[in-house]
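As a plain string of letters, each chain reads:
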Amino acid sequence: STQIQLVQRPQGIPTEHDFHIQRVELSPLNEGEVRVRNEFISFDPYMRGRMNDSKSYIPPFPLGETMTGSAVGRVIESRAEGFSEGDLVTHFMGWRDIAQGSAEEFTAVPELGDKPVSAYLGVLGLTGMTAFAGLTKVAQMKDGDTVFVSGAAGAVGSIVGQIARHRGARAVIGSAGSAEKTALLTERYGFTHAINYKEAPILEQLAEVAPEGIDVYFDNVGGDHLEAALAHLNRYGRAALCGAISVYNAEDPLSLQGPRFMTNIVTRSLTLQGFVLQDYLQYADEFRAEIAPLVMDGTIKDDETVVEGLDQAIEAFLGLFEGKNTGKMVVRI
Ligand code: NDP
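An unreviewed UniProt entry annotates the protein as NADP-dependent oxidoreductase of Rothia amarae.

Listed below in structure tokens is the structure:
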């Protein structure tokens, strides 16, 4: 099997030297194990955090070992009851072409017909669930709210915007880093307003498109975007803090300055709630019941950026920090 290992902890933006591509001889299967050929592996910004040796909700990647992450593939050999060759499965042994292990590590999932099975890594998987839980449970979006989403052309953000429309938001404002992406936001994903944050300060642009303020902020970016949201959140506004990609590659996190407008949290009775999806998995059934049909009938559009081949995996991962993806970033094996 070809696998990608972390060999040193990146300082700032990761480079190719932080990783090593390793050939691993797989042992024959033991009773109760399955072997899977991965078809798609997921690349996610949170993986950057696992490359640091710091305390978090998920342990750091150990050095000299193959990294992990979400993947979808097909069983090519099985010595476990309930799995046979050809079965489609999801699991957490990404960053490699062949995965094998105990059957409990794999979840059999239904075929999707015309839809690429990579959807299990995106809108039908943890990505879609993050969007749903963050918007409806954490930020508790209500009918008639004005919603602002950063990272809006990304995997999570594009789904947040569409769920917000579906749930009756009055206006949905999205920010993204190029003109192509802002066009997609309004033309394809149904956002009412789109901001290209590279054109002018987000603080000013948000004031222009939301003269009456915002009620909900879904934060994927942190930094200047969080600051702009704090400046424009209305009384009793709610923010779901999902991620802060603008600071993930900071060389010295302690040197980062906090956002201005913090006193608005008091004077406007704001609620800012950070969350990680693992605390919201109890809503998986609700998510599937409400969102999966909208995905399957095309009401919710989910785009992907598909990079070909495991040898492009590191570049695909780094591309997340340069905005190279629209929608979910996956590598096809
Ligand atoms: P995305 O598909 O959104 O990919 C990352 C995007 O971030 C890029 O395409 C780029 O778009 C944008 N970006 C990169 N650098 C910057 C920057 N400096 N400032 C502004 N935008 C930037 O990834 P995901 O949808 O998978 O993840 C989105 C966020 O959600 C991340 O912060 C991630 O960590 C978080 N997350 C949190 C989870 C949780 O449980 N809390 C679960 C899943 C994700 P552009 O071209 O617009 O700049």
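Moving on, we come to the overall build of the protein. Each helix and strand counted, the protein has nine helices and 16 strands in total. Since a compact globule built from 333 residues should have a radius of gyration of about 20 Å, the 20 Å found for the protein is in line with a globular shape. For the protein, the spread of C-alpha atoms along the three principal axes comes to 65 × 45 × 35 Å. The proportion of buried residues among the 333 residues of the protein is 44%. For the protein, the proportion of contacts with a sequence separation of at least 24, taken over those separated by at least 6, is 65%.

Moving on to the domain arrangement of the protein. For the protein, the assigned domains read domain 1 (2-122 + 302-332) and domain 2 (126-279). Computed over C-alpha atoms, the centres of domain 1 and domain 2 are 28 Å apart. Of the residues lining the interface, 19 residues belong to domain 1; the matching set on domain 2 comes to 19 residues. Of all the secondary-structure elements, those providing two or more residues to the side of domain 1 that touches domain 2 are helix H1 (46-50) and strand E16 (328-332).

If you trace the backbone, Ala-194 turns up in strand E11 (residues 193-196). Sequence spacing of Ala-194 and Val-209 is 15 residues, and the spatial spacing of their C-alpha atoms is 8.5 Å.

In the numbering adopted here, UniProt assigns the feature "domain: Enoyl reductase (ER)" (unreviewed entry) to residues 15-331. In residues 15-331, helix accounts for 26% and strand for 25%; the two terminal C-alpha atoms are 18 Å from one another.

Strand pairing in a sheet takes place through backbone hydrogen bonds and is either antiparallel or parallel in direction. Pairing within the open sheet is parallel, and its six strands lie in the order E11-E10-E9-E12-E13-E14. Across the chains shown, the open sheet's two edge strands, defined by having one partner strand only, are E11 and strand E14 (271-274). When the angles between neighbouring strand axes are averaged without regard to direction, this sheet yields 15 degrees. Sheet analysis places strand E12 (residues 214-219) next to strand E13 (residues 233-241), joined by five bridges and oriented parallel. Across the sheet, residue Ile-214 finds its bridge partner in E13, namely Leu-233.

Quick look at unusual backbone geometry now. At Trp-95, a position not held by glycine, the phi torsion is positive, near 60 degrees. Locating Trp-95 in the fold gives a position in the loop between strand E6 (88-91) and strand E7 (98-102).

So, about the nonpolar core. With 87 residues, the main nonpolar core has Leu-135, Val-147 and Phe-218 as its most contacted residues. Looking at this core, the element that brings in the most residues is helix H2 (residues 126-138), giving seven residues. Mapping this core onto the domain boundaries places at least three of its residues in each of domain 1 (2-122 + 302-332) and domain 2 (126-279). Aside from chain neighbours lying at most four places away, what touches Leu-135 is Met-141, Val-160, Ile-163, Ala-164, Phe-218 and Ala-240.

In the region of the ligand, 30 residues are neighbours, and Gly-154, Ala-155, Gly-177, Gly-243 and Gly-323 sit closest. Of all elements in the fold, only H2 and helix H3 (155-166) reach the threshold of two or more residues within the shell around the ligand. Of the residues forming the shell around the ligand, the biggest block, three residues, is contributed by H3. If you count residues domain by domain, the shell around the ligand takes at least three from each of domain 1 (2-122 + 302-332) and domain 2 (126-279).

So, on to H2. If you check H2, its first and last C-alpha atoms are just 16 Å apart, much less than what 13 residues at 1.5 Å a residue would give, namely 18 Å. For H2, a buried count of 12 out of 13 residues is recorded, marking the element as mostly surrounded by other parts of the structure. Every buried residue of H2 is listed here: Leu-126, Thr-127, Gly-128, Met-129, Thr-130, Ala-131, Phe-132, Ala-133, Gly-134, Leu-135, Thr-136 and Val-138. Close packing links the buried residues of H2 with H3, E12, E13, E14, helix H8 (284-296) and E16.

So, on to the pairing of strand E1 (residues 2-6). Across five bridges, E1 lies against strand E2 (residues 19-23) in antiparallel orientation. Of the residues in E2, the one forming a bridge with Ile-4 is Ile-21. Bridging between E1 and strand E4 (residues 65-66) involves two bridges; their strand directions are antiparallel. Following the sheet pairing, Gln-5 is matched in E4 by Thr-66.

A word on the sheet that holds E1. Strand order in the open sheet formed by three strands is E2-E1-E4, and the pairing between neighbours is antiparallel. On the outer flanks of this sheet lie E2 and E4, each paired with one strand and no other.

Moving on, we come to the pairing of strand E3 (residues 33-42). Across the 10 residues of E3, eight count as buried, placing the element largely inside the fold. As judged from the five bridges shared by E3 and E7, these two strands associate in the antiparallel manner. Residue Arg-35 lies in a different strand from E7, and its bridge partner there is Gln-100. Pairing analysis gives seven bridges linking E3 to strand E5 (residues 71-78), with the strands arranged antiparallel. Note on E5: the bridge partner recorded for Ile-41 is Ala-71.

Analysis parameters
Residues numbered from 1 in each chain as written. Predicted model: local features only at pLDDT ≥ 70, side-chain atom pairs only at ≥ 80, totals over all residues. Helix = DSSP H or I, 4+ residues; strand = E, 2+ residues; numbered from the N terminus. Rg over C-alpha atoms; globule rule 2.2 N^0.38 Å. Buried ≥ 20, exposed ≤ 12 C-beta atoms within 10 Å, placed from the backbone. Contact = placed C-beta atoms within 7 Å. Domains from an automatic or database assignment. UniProt positions renumbered as here; feature names shortened; annotations may be inferred. Pairing = 2+ DSSP bridges. Axes fitted to C-alpha atoms, helices over the stretch in contact; angles between N-to-C directions. Core = buried A, V, L, I, M, F, W, Y, C linked by C-beta atoms within 7 Å. Near = placed C-beta within 6 Å. Expected span 1.5 Å × (residues − 1).

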